[in-house]
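Now for the letters of each chain:
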Amino acid sequence: MVRVGVVGCGYWGPNLIRNIYQLDCCDLAMICDADPQRLARVGKLYPGVTLTTSFQDVLDSGAVDAVVIATPARTHHAMTGQALAAGKHVLVEKPLAVTSPQCQDLISLAKQQGLVLMVGHTFLYNPALLMVKELSQPEYLGDLFYLYSHRVNLGRVQTDVNALWSIAPHDISIALFLVGQAPEKVSAQGAYYLSNQIEDVVFITLTFPGGVMGHIHVSWIDPSKTRKVTVVGSEKMIIYDDLADEGMVKVYDKGVKRVSNGEGPQYGEFQYRLHSGDVHLPRIRMTEPLANECRHFIECILENKTPTSDGENGLQVVQVLEAAQRSIELQGMPMPVASGQLQPHTVA
Ligand SMILES: NC(=O)c1ccc[n+]([C@@H]2O[C@H](COP(=O)([O-])OP(=O)(O)OC[C@H]3O[C@@H](n4cnc5c(N)ncnc54)[C@H](O)[C@@H]3O)[C@@H](O)[C@H]2O)c1
């Protein structure tokens, strides 16, 4: 039985606490938040679980094997590093850290320590997205042309990170997963309206090898809540609407093919043949993505497996975020995406 301490009882932490508590394969051993009121409010739902306002208590506890970290992004590097150094497996919320050297540092430390390091890229554990991935295979979808996602809403306005770092890690991890590789270039534009220097809305364009294009729109000042991913292939087109009650994934048997009109392509005489067939709604056995994510973390610990969203995956997402941030600062100039070398660990 893996004994887990969860750190962070803010907006997201209570969801992780609930899932860790409900899983059979682990014990919720400790809950930590620096804010005593938040800690008390969440803690009273879990009588018998040790509560603390001190992260050091979690690190020092012999009754904690693994730590789940749901604190703000800027704290992830230090807290994850300290937990790994203390011999704890770590599931840390997205993004893994706020720079790629910090991510590389954590990856090295987890390797040195022989511990599991996993990032909370929740959508990789979402049965609907797994269905989209299955349907995006070339023998079904045809050639993948492009994909785009919208993750917009009115709120939650953040004051420490912009919409890129707060919301887009989801869409970037989804795009990397569906395309199956990292983009070569990223361009992004963002604007701030509510507070100085913190972008409320960001538009990102990803250029993948082979010409596949991705586009991401994130915002917390938009009129209606939208969480949608569209994948366009030569044979099929797929829309994944995370908010749909039924038919979260819709597969359109639609496409366009360029065909020769028989008079010879040397004269540029092509026609475009459209096909528009049925719309298919595959049945999805929906389970809570966060429960799947937490279970995967525990299984990786027990079975010594590498998580789907391991440190390397977290690093790839951060490399795209960094390129997008640089591009925003340069008014949308396309930026190459670094593919980082692992650095020796430097966390004290
Ligand atoms: N996977 C998702 O869908 C999803 C959704 C929302 C947020 N998140 C992620 O979850 C993380 C937390 O976001 P949030 O919106 O819950 O933030 P939040 O500000 O609402 O909560 C963070 C909590 O961490 C506590 N905290 C900060 N530093 C601490 C420390 N050193 N020791 C103990 N407690 C400390 C704060 O007191 C606060 O209660 C972020 O990384 C965010 O990106 C993920």
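Residues numbered from 1 in each chain as written. Predicted model: local features only at pLDDT ≥ 70, side-chain atom pairs only at ≥ 80, totals over all residues. Heavy atoms only, no water.

Quick look at the overall build of the protein chain now. Across its full length, the protein chain carries 10 helices and 15 strands. Dimensions along the principal axes, computed over C-alpha positions, put the protein chain at roughly 80 × 45 × 40 Å. In the protein chain, which comprises 348 residues, the proportion classed as buried is 54%. Put simply, 67% of the contacts in the protein chain that link residues at least 6 apart link residues at least 24 apart. When the accessible surface of the protein chain is summed, it comes to about 16200 Å², and 51% of that surface belongs to carbon and sulfur atoms. A distance of 3 Å separates the average location of the 27 positive side-chain charges in the protein chain from that of its 35 negative side-chain charges. (Helix = DSSP H or I, 4+ residues; strand = E, 2+ residues; numbered from the N terminus. Buried < 20%, exposed > 50% of the residue type's maximum accessible area, 1.4 Å probe, protein only. Contact = heavy atoms within 4.5 Å. Areas by Shrake-Rupley, 256 points an atom, 1.4 Å probe, with all protein chains shown as cover. Lys, Arg positive; Asp, Glu negative; His and termini not counted. Charge placed at Lys NZ, Arg CZ, Asp CG, Glu CD.)

It is worth spelling out the sheet that holds strand β5 (residues 89–93) at this point. Taken in spatial order, the six strands line up as β3-β2-β1-β4-β5-β6 in an open sheet, and their pairing is parallel. Edge strands, defined here as strands with exactly one partner in the open sheet, are β3 (50–52) and β6 (117–120). Across the sheet, the axes of successive neighbouring strands diverge by a mean angle of 20 degrees, strand direction being ignored. In this structure, strand β1 (residues 2–7) lies alongside strand β2 (residues 26–32), joined through six bridges in parallel fashion. Note on β2: the bridge partner recorded for Val7 is Cys32. Here helix α9 (residues 289–303) sits on the sheet in contact with β1, β2, β4 (66–69), β5 and β6, set at roughly 155 degrees to β5. (Pairing = 2+ DSSP bridges. Axes fitted to C-alpha atoms, helices over the stretch in contact; angles between N-to-C directions.)

Listing the buried residues of helix α6 (residues 127–135) in full gives Pro127, Ala128, Leu129, Met131, Val132 and Leu135. Between the side-chain oxygen of the N-cap and the backbone nitrogen of Ala128 there are 2.8 Å, and the N-cap of α6 in question is Asn126. (Polar contact = N/O pair within 3.5 Å; in protein donor to acceptor, adjacent residues only side chain to side chain.)

Moving on, we get to the sheet that holds strand β15 (residues 335–336). Sheet architecture is open: nine strands sit in the order β14-β13-β12-β11-β7-β10-β9-β8-β15, paired in mixed fashion. Two strands bound the open sheet, and with one partner strand each, they are β14 (270–280) and β15. As paired strands, strand β8 (residues 185–191) and β15 are joined by two bridges and run antiparallel to one another. Bridge assignment links Lys185 to a residue of β15, and that residue is Pro336.

Let us look at the nonpolar core. The nonpolar side chains of soluble globular proteins are, as a tendency, buried together. By size, the foremost hydrophobic cluster in this structure holds 105 residues, and its most contacted members are Ile204 and Val249. Not counting residues up to four positions away in its chain, the partners in contact with Ile204 are Leu164, Ala168, Val186, Ser187, Ala188, Gly214, His215, Ile216 and Ala324. (Core = buried A, V, L, I, M, F, W, Y, C linked by side-chain atoms within 4.5 Å.)

Quick look at the environment of Ser149 now. Note on placement: Ser149 falls in strand β7 (residues 144–154). Only 2.9 Å separates the side chain of Ser149 from the side chain of Asp171, close enough to count as a polar contact.

In the neighbourhood of the ligand, 21 residues make up the surrounding shell, with Tyr11, Trp12, Asp33, Arg38 and Lys94 lying closest. With respect to the ligand, the side chain of Asp33 contributes an N or O atom lying 2.6 Å from an oxygen atom. For the ligand, a nitrogen atom lies 3.0 Å from a polar atom in the backbone of Ala34. Coverage of the ligand by the protein amounts to 79% of the 860 Å² it exposes when considered alone. (Near = heavy atom within 4 Å.)

Most of β1 is tucked away, with five of its six residues classed as buried. Two elements, β1 and β4, share four bridges in a ladder whose sense is parallel. The partner of Val7 across the bridge, within β4, is Ile69.

The next point concerns the pattern of salt bridges. Tallied over the entire structure, the rule returns nine salt bridges. Ionic pairing is found between Arg38 and Asp35, a salt bridge with its closest N-O pair at 4.0 Å. Owing to a relative accessible area of 29%, Asp35 belongs among the partly exposed residues under this scheme. Notably, a salt bridge pairs Lys111 with Glu312, separated by 3.8 Å at the nearest N-O pair. Within this pair, whereas Lys111 is found in helix α5 (residues 100–113), its partner Glu312 is found in helix α10 (residues 311–329), the two being separated by 201 residues in sequence. (Salt bridge = Lys/Arg side-chain N within 4 Å of Asp/Glu carboxyl O.)

Tracing the backbone shows Phe297 in helix α9. Given the relative accessible area of 0%, Phe297 is considered buried. Phe297 sits 135 residues away from Asn162 along the chain, and the two C-alpha atoms are 28 Å apart. Apart from the residues within four sequence positions on either side, Phe297 is in contact with Ala66, Val67, Val68, His89, Val90, Leu91, Val116 and Met118.

Right, let's get into the environment of Gly48. In this structure, Gly48 sits in the loop between α2 (36–43) and β3. A C-alpha to C-alpha distance of 9.4 Å links Gly48 and Met30, two positions 18 residues apart in sequence.

Here α6 crosses helix α8 (residues 163–179) at 35 degrees, and the two axes come no closer than 9 Å. With respect to the hand of their crossing, α6 and α8 are arranged in right-handed fashion. Only Ile174, Phe177 and Leu178 of α8 make contact with α6, whose side of the interface consists of Leu129, Leu130, Val132 and Lys133. (Left-handed = near helix turned anticlockwise from the far one by under 90°.)

Keep in mind these numbers describe shape, not what the thing actually does.
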